[in-house]
Amino acid sequence: MDIGIWNLLGIILIIALIIGVGIYSGKMVSDASDFDTGGGKAGPWIVCGAIMGSLVSGQATIGTAQLAFEYGMSAWWFTLGSGIGCLILAIGYVIPLRHSGSITLLEVIGKEYGAKAEYAGSVLCSIGIFISVIAQVLSSCALLTVIFHMNFLTAAILSITVMVAYVVFGGAWGAGLGGVVKLILLYGASILGLGIVLTNSHGPMALIEQLQTTLAGTDVGSLAGLAAAEEVSGRYLSLFSRGFLKDMGSGLSLLLGVLATQTYAQAIWSAKSDSKARKGAMLSAVLIPPIGIACIFIGMFMRNHCLTTAEITALTEAGKSIPEGMLEIASSSQVFPAFVINYMPKFVAGIVLGTLLITVIAGGAGLSLGVASILVNDIFCKISKGLADVKKKLYTTRVTIVVTLCAAAAIALIVPGAIINDFGFLSMGIRGTVVFIPLTCALFAKGKVAPWAVLVSMAAGPAAVLGGNLLGLPFDSLFLGIAVCLVIIGAGTAFGKRQ
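Definitions and cut-offs
Residues numbered from 1 in each chain as written. Predicted model: local features only at pLDDT ≥ 70, side-chain atom pairs only at ≥ 80, totals over all residues. Heavy atoms only, no water. 1 Å grid on protein atoms, 1.4 Å probe; cavity = no way out; pocket = protein on both sides within 12 Å on 5 of 7 lines; lining within 4 Å. Points joined across faces, edges and corners; volume = space filled by probe spheres on them. Helix = DSSP H or I, 4+ residues; strand = E, 2+ residues; numbered from the N terminus. Nonpolar A, V, L, I, M, F, W, Y, C, P; charged D, E, K, R; others polar. Buried < 20%, exposed > 50% of the residue type's maximum accessible area, 1.4 Å probe, protein only. Contact = heavy atoms within 4.5 Å. Salt bridge = Lys/Arg side-chain N within 4 Å of Asp/Glu carboxyl O. Axes fitted to C-alpha atoms, helices over the stretch in contact; angles between N-to-C directions. Parallel < 35°, antiparallel > 145°, perpendicular 65-115°, else oblique. Left-handed = near helix turned anticlockwise from the far one by under 90°. Core = buried A, V, L, I, M, F, W, Y, C linked by side-chain atoms within 4.5 Å. Phe/Tyr/Trp six-rings, centres within 6.5 Å; stacked < 30°, edge-to-face > 60°. Disulfide = S-S within 2.5 Å. pLDDT = per-residue confidence, 0-100.

What should I look at first to understand empty space enclosed by the protein in this one?
The method is simple in principle: a probe with the dimensions of a water molecule rolls over the atoms, and the space it marks as empty is what remains. Under the criterion given, the structure shown has two cavities of 30 Å³ or more. Computed from the structure, the second largest cavity encloses a volume of approximately 40 Å³. In terms of lining, the second largest cavity is formed by S54, L55, S57, Q59, F78, S132, Q136, Y264, L367, M428 and R431. At the level of elements, α3 (44–55), α7 (115–148) and α20 (420–444) are the ones that each hand at least two residues to the lining of the second largest cavity. Tallied by class, the residues present in the lining of the second largest cavity amount to five nonpolar, five polar and one charged.

Structure, rendered in structure tokens:
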């Protein structure tokens, strides 16, 4: 998958555009308020750009195509769950959040349930968001290793360098303006990619028929346990091909994660008014799911045209022949970039690759901004009175972003072959169990839940999610985590006494 000069020119053009937006947005930042929430001056498209800049990231594009390569339509749950989450955010949470007088979700919880709940939630929620930052670094490395044939270490270093440039100058303004530019580019890339897939496949029904020919009763299909055409259709056309509870849990984790993530709440607080904040969230709800559909079609199309190195090795060791005309990719995480390089015009492919790279960069940058805002506002400012100075606070936030990204790159180097969306679902599940129920109670059930119950649920919920993942439960462990939280909160409501 060699690239040429036209590919490189397209990539450089897009990267230069986004870096320029980041530097320009830095001119709008005069203090920590501008950096954290844009000074409350953003319109609906900036709000939408800030949300989608982080939410429509490597997991929603490269990760969705990777999952669709194996499971088809069930890969839609990342973007579908995200869209539903944004819809609920717009309808039910925008107004209470903006009227809470807070600038972080954990501050909302802390005002109702005390400093201990705020500190515990800050640490645990930061860990959840940090896991998603790792997924962005993995996505970026998958792109860079394909584009430039560099080693994983070099790709990781380059990834976090560009992420720092994207957000560390402009903060919320950088995430918002960059998100709008990225949104326009990403939609163009998705429409083009979907058009190429449908043209080359002669329509969606022909694409499914090609999948059946490629996988039903063939040596390649035997690696996935697919013996008949009905089994191929059942896997690739079902929203629940990985199991009803597992896929529903994945969608639920995204829904709760959107409502429980600082990055998206910051976008809401950055708006000029309640109306503009709600419109921005509604725009995100409408615009996110179609991107997932385009990525799913690309993943299924590539299932007909390429094999991973592991699949080729397995066929060779079993003494079976390799189908002619199939491309070889190092891993399924390279499905999307391989499609772009091999099936798009060179210069356009460069623009799309640059857009994908910025999509991943924006996701990692925006999420790292969320981590930094939580740690600085909810922990560091409470510990150090020196951070009352706005310039020191701004400097500390920027340093925290850099440290967060470096740590994510270090972990990505340890697990370079991981499934990207597995990190995304786990991250959203942890955030949801830590923040969602306490936040909802703080906003809509003031004075009805004992603080001790909130504190215990914050620790027990994510522990149940992680334990369920380790035990390999037949359903998504998020259900276990939410059930544990609800039982504890219920006990705190029924038997606890509010002070």
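I'm lost on the environment of A75 in this one. Help?
With respect to the helices and strands, A75 occurs in the loop between α4 (59–71) and α5 (77–98). By relative accessible area, A75 is classed as buried at 1%. Residues A75 and S250, 175 residues apart in the sequence, show an inter-C-alpha distance of 9.6 Å. If sequence neighbours within four positions are ignored, A75 has contacts with T64, L67, A68 and I296.

Explain the pattern of salt bridges to me, please; I cannot follow it from the model alone.
A pair can form between side chains of opposite charge whenever their charged atoms are brought close. If you walk through the whole model with that rule in mind, you get four salt bridges. Two residues, R303 and E311, come together in a salt bridge whose shortest N-O distance is 2.9 Å. As far as the burial class goes, R303 and E311 line up, both buried.

For this particular structure, what's the right way to read the side chain of T61?
In this fold, T61 is placed in helix α4. If we skip the residues at most four places from it in the chain, T61 touches V56, L186, I291, C295, F336, L356 and T359.

Honestly, the packing of helix α21 (residues 451–471) against helix α22 (residues 477–494) in this entry has me stumped. Any pointers?
Pairs of packed helices are described in terms of their axes, by the angle between the two and the distance that separates them. Across the interface, α21 lies against α22 with an axial gap of 8 Å and an inter-helix angle of 160°. In this view, α21 runs roughly antiparallel relative to α22, as classed from their interaxial angle. Seen from above, α21 lies across α22 with right-handed handedness. Residues W452, A453, V454, V456, S457, A460, G461, A464, V465, G468 and N469 of α21 pack against S477, L478, L480, G481, V484, C485, I488, I489, A491 and G492 of α22.

Looking at this structure, I do not really get the nonpolar core. What am I missing?
Across soluble globular proteins, nonpolar side chains show a tendency to be buried alongside one another. Membership of the largest hydrophobic core comes to 147 residues, with the highest contact counts inside it found for I51, L89, I109, F339, V340 and V435. Each residue touching I51, except ones within four places of it in the same chain, is listed here: C86, Y264, A267, I268, A281 and S284.

Is there a simple way to think about the packing of aromatic side chains in this case?
To describe a pair of aromatic rings, one takes the distance between the centres and the angle between the planes. What the rule picks out here adds up to eight aromatic pairs. Seen from their ring centres, W77 and F240 are 5.7 Å apart, and the 40° between their planes marks the pair as tilted. Placement of W77 in helix α5 and of F240 in the loop between α12 (229–236) and α13 (244–259) is noted, with a sequence separation of 163 residues between them. W77 sits in the buried class, given a relative accessible area of 8%. A ring pair is formed by Y93 and F444, whose centres lie 5.4 Å apart and whose planes are at 85°; its orientation type is edge-to-face. Residue Y93 is found in helix α5, and its partner F444 is found in helix α20; the two are separated by 351 residues along the sequence.

It is not clear to me how the state of the cysteines should be interpreted in this structure. Could you clarify?
Formally, a disulfide is one covalent bond, and it connects the sulfur atom of one cysteine to the sulfur atom of another. Using the criterion set out here, one finds zero disulfides in the structure. Between C381, a cysteine without a disulfide, and C125, which holds the nearest cysteine sulfur, the sulfur-to-sulfur distance is 17 Å.

Which parts of the structure should I look at to understand the confidence of the model for the protein?
Note: predicted coordinates in regions of low pLDDT should not be interpreted at a detailed level. For the protein, mean pLDDT is 84; residues scoring 70 or higher make up 90% of the total. Scored below 50 in pLDDT, residues 31–38 shows 36 contacts in the model against residues more than four places distant or in partner chains.

In this structure, what is going on with the layout of surface pockets? I would like to understand it.
Roughly 320 Å³ of internal volume is contained in the largest pocket. Around the largest pocket, the lining comprises 17 residues; the ones closest to its centre are K246, F425, N469, D476 and S477. For the lining of the largest pocket, the elements supplying multiple residues, two or more each, are α13, α20, α21 and α22. Sort the elements by how many residues they give to the lining of the largest pocket and α20 lands first, with four residues. Class assignment for the residues of the lining of the largest pocket results in six nonpolar, seven polar and four charged.

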